[in-house]
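Read off the chains here:
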Amino acid sequence: MTDLESSLSPEISPEKRSAEVSESAAFRKQFLFVQGKGGVGKSTLAHAYAQVLSKKEKTLLVSIEDPLRAPFDLAVLSPTLHHLNNEATSAFEEYAGIKIGAPRLVKVFLQNRFMRYLAKAAPGIRELVLLGKIWYERKNYARIVIDMPATGHGLTMFQSLFNWGALFDGSPLAKDASDMIKTFSDPKEVGHAVISLAEEMPLVESLELRDHIVRIFPKSDIFFVANRLFPAPTSNAGPFSEALPEARTAAEHAYRKSRLEKENLAEWKKISYLRVPFFPPRITHSFSGVVAEVTALLSKSEGAK
Amino acid sequence: MNKNAAQSPGLESAIRRRRVLITCGTGGVGKTTVSASLAVRAACEGKRVIVITIDPAKRLATSLGLESLGHEPTDLTAALEKASGREVSGKLFALMPKSAESFERLIRSLTTKEEAVQRIFKNPILKTFSQEFSGTNEYLALEELMYFYSRSDYDLVILDTPPSRNTLSFLEAPQLMAKFFEEKFIRFLVIPANRLLAFGMRKTFSILERLTGAGFIHQLFDFGGAMFEVQENFLKKLHAIHDLLGSDEVGFLMVAAPTPESAPEIGHFLAQIRERGFHFDGVLLNRSLGHLTTNTPPADEAEKLIDALKARENVAYQDLRAAANAQRGSELEKLFYVRIPELARDVHGLEDLYHVSRLFEPAPL
């Protein structure tokens, strides 16, 4: 099996084609937004992409509000790979500091209760400042990989730029919002890696996600990853009932699962995507082990230009 | 209740006692499927139940085999009877709220004055909030929850929350909004002369104006003026939602996959729930592979993978047991765990949801 399977189908319209490029292009952008439905392996892929990129250039991996880490914590994973836990309140404070300047005024502003509630309660403001922090770091890192929140929240981050940009019309904040839109809508600067499992709902949702991204940023470069693909079984599944949704034996489960995945991937028949196999957890707390396997796979994909 | 279905006293008691069940959890654990199956189970036990999904990705529709759910609840009782081949003593409804409609209903519930309604709809700030992906889903979900809770035609409302490790932002929404609408601020926005009152406030506003522009400040004052008329009713509503969430009519359920990450995640979530005085009912562990029999030694790569995943699942159960043991005397000890097997095909409709609702079994913890 080749890792880089299938190519762009000739049936795709020119607009679609520009929105879906070969996955090796993922390695040529300053910003890589790793997106998809919850639980499809966004974090694994984001870590792996960041690992590969950091071998050549200074890279920042951004997580969004991981509750198990301190806000704004910056972990140094290697000299060229830093890992930020982006968090809205800290981002808001940092941004206010940059914009207002005079420390005394910043203090008055941030300590005002009205402002504090406004910043927390106004829908979309948290998403806006989270994205602002990512944009701001473009000066400090050659590559930025963002482990985005699940579909809806991720899209809110992009949409907030337009919503608040319009409300702040003619102001310095609107200027920043419009500069951010300019950067994030440029396919030379930004790539979107849409991750999915070979299950019906994530696959359908990944195409909806693509359409939403293209609606917000029409020229986006979007690449797809089918993650955690079940190995094709070689042993006999034995007799079983198709009517029962759950299998009885491992052999039956493997047979039905890999057959189902093949059928489901028909949803993606018109797009080019990277196939990532389901790596068995070698150790119980398996995250770093799996990241290493996926990183090795992506390194190969980077070479295949 | 059907005698073929496995009994889980904790789960049955939650369905019987609560008027609202809120399912939480990270993405990809089958939260929507589990929530819908739970609703099916409750309907079969005689409850008139409505399941609401606010996931912006509209997944309930797929689970229920419906093209798209409207803004009004869809009655699925007859379809469930057909799919299950049995009489359903309760009723089953499903709803996927749409931002714009929820927002309009919320505003109209606050005032009968058409003029006030129109003023709110015209404000650019509020207009923005009624759109999709504007970040208002959390607020509107709670509004939907409150609306269906207060109607006498439903015994049980099941709310499927958006996937998040931070479900708390969603629970904090009414309180945050309420603080913002406390009269001090809104009065300030309505009567700009009040700016004379506080130096800090005056300074803050001049900075805000410099950053966001005069146009925005004008809209903000207009927003204050528009909301002032409905402020009292809005505050009442926000407090009512907050009180409801903390009352013993509402139970929180966590849906998780049996992986080693679950124990810390459940622990974190439980701590947050406890901090707010909410009621945590239990954990539904979905996508378990424990039921699959394997050959020794494994016949091929696929079986090796399943063996490895089963081993990992056992570690997850050990971690959960250890966490429960460490919490003797607290509510974690009383929690129920339900195990739901991973399916070998996609869930297509009510027939499958009915089947899944029969598979909930108490985990041997």
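Read on for an overview of the structure. (Residues numbered from 1 in each chain as written. Chains lettered and ligands numbered in written order. Predicted model: local features only at pLDDT ≥ 70, side-chain atom pairs only at ≥ 80, totals over all residues. Heavy atoms only, no water.)

1. Let's talk about the overall build of chain A
Within chain A one finds 11 helices and nine strands. Within chain A, buried positions represent 60% of all 305 residues. Sequence-distant contacts, at least 24 apart, represent 70% of the contacts inside chain A between residues at least 6 apart. When the accessible surface of chain A is totalled, it reaches about 12,300 Å², and 56% of it is carbon and sulfur. (Helix = DSSP H or I, 4+ residues; strand = E, 2+ residues; numbered from the N terminus. Buried < 20%, exposed > 50% of the residue type's maximum accessible area, 1.4 Å probe, protein only. Contact = heavy atoms within 4.5 Å. Areas by Shrake-Rupley, 256 points an atom, 1.4 Å probe, with all protein chains shown as cover.)

2. A closer look at the environment of Glu-261 of chain A
Residues and elements named next belong to chain A. In this fold, Glu-261 is placed in helix H10 (residues 250-264). Given a relative accessible area of 7%, Glu-261 falls into the buried group. Separated by 61 residues in the primary sequence, Glu-261 and Glu-200 have C-alpha atoms spaced 8.5 Å apart. In this structure, Glu-261 is in contact with Ala-198, Arg-228, Leu-229 and Phe-230, ignoring residues within four places of it in sequence.

3. Quick word on the pairing of strand S2 (residues 48-53) of chain B
Residues and elements named next belong to chain B. Of all six residues that make up S2, five are buried, and the element is covered over most of its length. Pairing analysis gives five bridges linking S2 to strand S4 (residues 91-95), with the strands arranged parallel. In the strand pairing of S4, Arg-48 is matched with Lys-91. Relative to strand S5 (residues 156-160), S2 runs parallel, the two sharing five bridges. Its bridge partner lying in S5, Ile-52 is registered against Leu-159. (Pairing = 2+ DSSP bridges.)

4. Overview of the interface of chain B and chain A
Every contact between the two is made by 76 residues of chain B and, on the other side, 71 residues of chain A. Taken together, the two surfaces of chain B and chain A that pack against each other cover about 6,600 Å², and 67% of this comes from carbon and sulfur. Among the residues of chain B in contact with chain A, Phe-133, Leu-211 and Ala-344 of chain B are the three that bury the most area, contributing 11% of the side total. Here chain B and chain A share two salt bridges between them. Here chain B and chain A share 13 residue pairs in polar contact (both at pLDDT 80 or more) between them. A breakdown of the residues in the side of chain B that touches chain A according to their chemical character gives 36 nonpolar, 22 polar and 18 charged. (Buried area = accessible area lost by both parts, 1.4 Å probe. Salt bridge = Lys/Arg side-chain N within 4 Å of Asp/Glu carboxyl O. Polar contact = N/O pair within 3.5 Å; in protein donor to acceptor, adjacent residues only side chain to side chain. Nonpolar A, V, L, I, M, F, W, Y, C, P; charged D, E, K, R; others polar.)

5. Regarding a positive patch on the surface
On the surface, a cluster of positive charge is made up of Arg-113, Arg-116 and Lys-120 of chain A together with Lys-179 of chain B. Sorting elements by how many residues they give to the positive patch places helix H5 (residues 113-121) of chain A first, with three residues. Tracing the sequence through the fold places Lys-179 of chain B in helix H9 (residues 167-181). (Patch = residues over 30% accessible without salt bridge, like charges linked within 9 Å, V, L, I, M, F, W, Y side chains within 5 Å. Lys, Arg positive; Asp, Glu negative; His and termini not counted. Charge placed at Lys NZ, Arg CZ, Asp CG, Glu CD.)

6. Section: the pattern of salt bridges
According to the stated counting rule, one finds 31 salt bridges over all chains in the structure shown. As a salt-bridge pair, Lys-133 of chain A and Glu-137 of chain A come within 2.7 Å of each other at their nearest N and O atoms. No difference in accessibility class separates Lys-133 of chain A from Glu-137 of chain A, as the two residues are buried. The shortest N-O distance in the salt bridge between Arg-259 of chain A and Glu-242 of chain A comes to 2.9 Å. Of this pair, Arg-259 of chain A sits in helix H10 while Glu-242 of chain A sits in the loop between strand S8 (221-229) and H10, placing them 17 residues apart in sequence. On the basis of relative accessibility, which here comes to 44%, the residue Glu-242 of chain A falls in the partly exposed class. Linked through salt bridges whose partners overlap, the residues forming this network are Glu-199 and Lys-257 of chain A together with Arg-287 and Glu-342 of chain B.

7. Remarks on the layout of surface pockets
Volume-wise, the second largest pocket comes out at about 670 Å³. Lining the second largest pocket we find 42 residues, and of these Phe-92, Tyr-95, Leu-128, Val-129 and Leu-173 of chain A sit closest to its centre. (1 Å grid on protein atoms, 1.4 Å probe; cavity = no way out; pocket = protein on both sides within 12 Å on 5 of 7 lines; lining within 4 Å. Points joined across faces, edges and corners; volume = space filled by probe spheres on them.)

8. As for the packing of aromatic side chains
Tallied over the full model, the rule gives 22 aromatic pairs over all chains. Measuring from centroid to centroid gives 5.2 Å for Phe-224 of chain A and Trp-268 of chain A, while their planes differ by 70°, and the two rings are edge-to-face. Of this pair, Phe-224 of chain A sits in strand S8 while Trp-268 of chain A sits in the loop between H10 and strand S9 (273-277), and the two are 44 residues apart along the sequence. The exposure classification of Phe-224 of chain A matches that of Trp-268 of chain A, with both residues buried. The ring of Tyr-141 of chain A has Lys-58 of chain A sitting right over it, with the charged end atom 4.8 Å from the ring centre. Here the guanidinium or amino end of Arg-105 of chain B rests over the ring plane of Tyr-147 of chain B, the centre of that ring lying 3.7 Å away. (Phe/Tyr/Trp six-rings, centres within 6.5 Å; stacked < 30°, edge-to-face > 60°. Lys NZ or Arg CZ within 6 Å of the ring centre and 35° of its normal.)

9. Brief notes about empty space enclosed by the protein
Across all of its chains, the model carries five cavities of 30 Å³ or more by this definition. Taken together, 31 residues form the lining of the largest cavity, with Glu-199 and Met-201 of chain A together with Gly-30, Thr-33 and Arg-287 of chain B sitting closest to its centre. Secondary-structure elements contributing two or more residues to the lining of the largest cavity are helix H9 (200-216) and H10 of chain A together with helix H2 (31-44), strand S7 (280-288) and strand S8 (336-341) of chain B. Of the residues forming the lining of the largest cavity, the biggest block, four residues, is contributed by H2 of chain B.

10. Quick word on the nonpolar core
Looking at soluble globular proteins, one finds that nonpolar side chains tend to be buried together. By size, the foremost hydrophobic cluster in this structure holds 138 residues, and its most contacted members are Phe-109 and Phe-184 of chain A together with Ile-22 and Phe-252 of chain B. Among all residues touching Ile-22 of chain B, those that are not within four sequence positions of it are Leu-145, Leu-159, Thr-161, Phe-170, Leu-245, Val-250, Gly-251, Phe-252 and Leu-253 of chain B. With 37 residues, the next largest nonpolar core counts Ala-36, Leu-38, Leu-156 and Ile-158 of chain B among its residues. (Core = buried A, V, L, I, M, F, W, Y, C linked by side-chain atoms within 4.5 Å.)

11. Things to note about unusual backbone geometry
The residue after Thr-296 of chain B, namely Pro-297 of chain B, is reached through a cis peptide bond having omega -10°. Secondary-structure assignment places Pro-297 of chain B in the loop between S7 and helix H15 (301-325). Its identity is not glycine, yet Phe-72 of chain A carries a phi of approximately 65°, on the positive side. If you trace the backbone, Phe-72 of chain A turns up in the loop between strand S3 (59-64) and strand S4 (74-78).

12. Looking at the packing of helix H3 (residues 88-100) of chain A against helix H4 (residues 103-111) of chain A
All names here are of chain A. Closest axis-to-axis distance for the H3/H4 pair is 9 Å, and the angle between their directions is 140°. It follows from the interaxial angle that H3 and H4 lie oblique. Seen along the crossing, H3 lies across H4 with a hand that is right-handed. Together, Phe-92, Glu-93, Ala-96, Gly-97 and Ile-100 of H3 and Leu-105, Val-106, Phe-109 and Leu-110 of H4 make up the contact between the two elements. (Axes fitted to C-alpha atoms, helices over the stretch in contact; angles between N-to-C directions. Parallel < 35°, antiparallel > 145°, perpendicular 65-115°, else oblique. Left-handed = near helix turned anticlockwise from the far one by under 90°.)

13. Description of the side chain of Glu-12 of chain B
For Glu-12 of chain B, the location among the structural elements is in helix H1 (residues 9-17). For Glu-12 of chain B, the side chain forms a polar contact with the side chain of Arg-41 of chain B, separated by 2.5 Å.

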